[in-house]
Amino acid sequence: MVGIGNSEDRTADEVQRRKRRAGSFGAQAAVYAEHRPDYPEAGIRWALEAVAERDGVVVLDLGAGTGKLTGGLLAAGVEVIAVEPDEAMRAELVRLYPGVTALSGTAEAIPLADGSVDAVLAGQAFHWFDQALAFPEIARVLRAEGVFAAIWNNDDNKVDWVAGLRDVSRSSASFPPSSSDDALPAHPLFAPFEYAEFAHSQRRTAESLTASIGTNSHTVVISAQERAEVLGRILDYLRATPETADGEFDFPLRTEVIRTVLGPNPPR
């Protein structure tokens, strides 16, 4: 899983590095919208299972970015409200989904009324949240027995060439491996989290996969010289790897989802 450990376990240096990386995406907003993968329908439906039978389900896409999760939620037939702090990312979301209410805000200060949504989902975003502040805010805006779920697309490093890609993609801003990040989160306002994993893929070329990785925060916050070196190394690797050298290929992903439901005594 990607960085879901408690922020209290992180060093001061890592906290500062995370803040810098978390705020880096706006500069790549258009490329992010073009190249980042969507999320599998099965994973989204599993996340929403506890509220699926309600009438008129309203879902908050928290840390919505350019709307990669928003599109999947709309396809699932729910009403979506998007909250995203970065103006450039939010502008891309509005361009792609003009009918969706898109608000400026953060997980730690959600601009919605108490008990206003049935579910809160975070796509590729929960690991940036300050959990101590975000959990009470998420609980506040949820209706009774509402759902909170987080979803990530991760490279399937069980595939040999994908593991090799991970190794050549590292930059000076990459986080070191951390076993604490593998634990499921917990909060007294919520029931214990559940976990599920779904197979996923994205149709790519060597060039478009390099562009995708170029939207990752560890390639955005580094110097222009290092960024050119990292992306060049990635492209050279993909052009030299039999599975990716010629034309289009399916890039294997693992979509991880964690979900919980609101407990009986939310803050109001």
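Just above, that's the structure.
Read on for an overview of the structure. (Residues numbered from 1 in each chain as written. Predicted model: local features only at pLDDT ≥ 70, side-chain atom pairs only at ≥ 80, totals over all residues. Heavy atoms only, no water.)

Another point: the packing of aromatic side chains. Going through the model one piece at a time under the given rule, you end up with twelve aromatic pairs. Geometrically, the ring pair formed by Phe-126 and Trp-152 is edge-to-face, given 6.4 Å between the ring centres and 65° between the ring planes. In this pair, Phe-126 is assigned in the loop between strand 4 (117-123) and helix 6 (131-141) and Trp-152 in strand 5 (residues 142-155), connecting sequence segments 26 residues apart. Assigned by exposure class, Phe-126 and Trp-152 land together as buried. Centroid distance Phe-148 to Phe-190: 6.4 Å. Interplanar angle 55°. Geometry classified as tilted. Highlighted residues: Phe-148 in strand 5 and Phe-190 in the loop between helix 7 (160-169) and strand 6 (194-204), separated in sequence by 42 residues. Among the residues examined, Phe-190 registers a relative accessible area of 7% and is labelled buried. Taken together through their ring pairs, the aromatic side chains of Phe-126, Phe-129, Phe-135, Phe-148, Trp-152, Phe-190 and Phe-193 make up a single cluster. The ring of Trp-46 carries the charged tip of Arg-259 above its face, separated from the ring centre by 3.8 Å. (Phe/Tyr/Trp six-rings, centres within 6.5 Å; stacked < 30°, edge-to-face > 60°. Helix = DSSP H or I, 4+ residues; strand = E, 2+ residues; numbered from the N terminus. Buried < 20%, exposed > 50% of the residue type's maximum accessible area, 1.4 Å probe, protein only. Lys NZ or Arg CZ within 6 Å of the ring centre and 35° of its normal.)

Most of strand 1 (residues 58-62) is tucked away: five of the five residues are buried. Residues of strand 1 alternate between two faces, with Val-58, Leu-60 and Leu-62 on one and Val-59 and Asp-61 on the opposite face, all of them buried. With five bridges connecting them, strand 1 and strand 2 (residues 79-83) associate as parallel partners. Bridge assignment links Val-59 to a residue of strand 2, and that residue is Val-80. (Pairing = 2+ DSSP bridges.)

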